[in-house]
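# Examination of the molecular architecture
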Amino acid sequence: MSGQQVAKIIYFVLAALSLFILGSRIMASDTDIFRLLLPAAILGFCTWRLLTMDE
């Protein structure tokens, strides 16, 4: 397994975990913007890295 494949797996796992945390906080009606900001930022960063990473 190459280093780039490992990085993609790590970014995917981080994005999935951030999406889960974001969804659970929204479902719990935790609408404090600062508590939603970190998982949303991590999700956006990981998605961006996955989409822009060279093959």
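That block above? That's the structure.
The structure reproduced in this document is the subject of the present report. Here the structure is a predicted model, which is why all the values come from computation and not from measurement.

What counts, and where the lines are drawn
Residues numbered from 1 in each chain as written. Predicted model: local features only at pLDDT ≥ 70, side-chain atom pairs only at ≥ 80, totals over all residues. Heavy atoms only, no water. Patch = residues over 30% accessible without salt bridge, like charges linked within 9 Å, V, L, I, M, F, W, Y side chains within 5 Å. Areas by Shrake-Rupley, 256 points an atom, 1.4 Å probe, with all protein chains shown as cover. Salt bridge = Lys/Arg side-chain N within 4 Å of Asp/Glu carboxyl O. Helix = DSSP H or I, 4+ residues; strand = E, 2+ residues; numbered from the N terminus. Buried < 20%, exposed > 50% of the residue type's maximum accessible area, 1.4 Å probe, protein only. Phe/Tyr/Trp six-rings, centres within 6.5 Å; stacked < 30°, edge-to-face > 60°. Core = buried A, V, L, I, M, F, W, Y, C linked by side-chain atoms within 4.5 Å. Contact = heavy atoms within 4.5 Å.

### Points about a nonpolar patch on the surface
Taken together, the side chains of Met1, Val6, Ile9, Ile10, Phe12, Val13 and Leu14 present a nonpolar region at the surface, about 700 Å² in accessible area. Relative to the elements of secondary structure, Ile10 occurs in helix 1 (residues 3-27). Under the relative-accessibility criterion, Ile10 is labelled partly exposed at 46%.

### Focus on the packing of aromatic side chains
The full count for this structure, using the stated rule, is 2 aromatic pairs. Measuring from centroid to centroid gives 6.0 Å for Tyr11 and Phe45, while their planes differ by 75 degrees, and the two rings are edge-to-face. Of the two residues, Tyr11 is situated in helix 1 and Phe45 in helix 2 (residues 33-52); the sequence distance between them amounts to 34 residues. Note on Phe45 and Trp48: the rings are 5.9 Å apart at their centroids and 45 degrees apart in plane angle, and the pair reads as tilted. Residue Phe45 and its partner Trp48 are both found in helix 2; the two are separated by 3 residues, about one turn of the helix. Residue classification places Phe45 among the partly exposed residues on the basis of a relative accessible area of 43%. Taking the relative accessible area as the measure of exposure, Trp48 reaches 48% and is therefore partly exposed.

### Topic: the environment of Arg49
Relative to the helices and strands, Arg49 is located in helix 2. Taking the C-alpha atoms as reference points, Arg49 and Phe20, 29 residues apart in sequence, are found 19 Å from one another.

### Digging into the nonpolar core
The tendency in soluble globular proteins is for nonpolar side chains to be buried as a group. Listed in full, the 7 residues of the largest apolar core are Tyr11, Ala15, Leu22, Leu36, Leu43, Cys46 and Met53. Contributions of two or more residues to this core are made by helix 1 and helix 2. When sequence neighbours within four positions are dropped, the list of residues in contact with Cys46 reads Tyr11, Leu14 and Ala15.

### Comments concerning the environment of Leu22
Looking at the secondary structure, you find Leu22 in helix 1. Taking the C-alpha atoms as reference points, Leu22 and Tyr11, separated by 11 residues in sequence, lie 16 Å from one another. Those residues in contact with Leu22 that sit more than four places away from it in its chain are Leu36, Pro39, Ala40 and Leu43.

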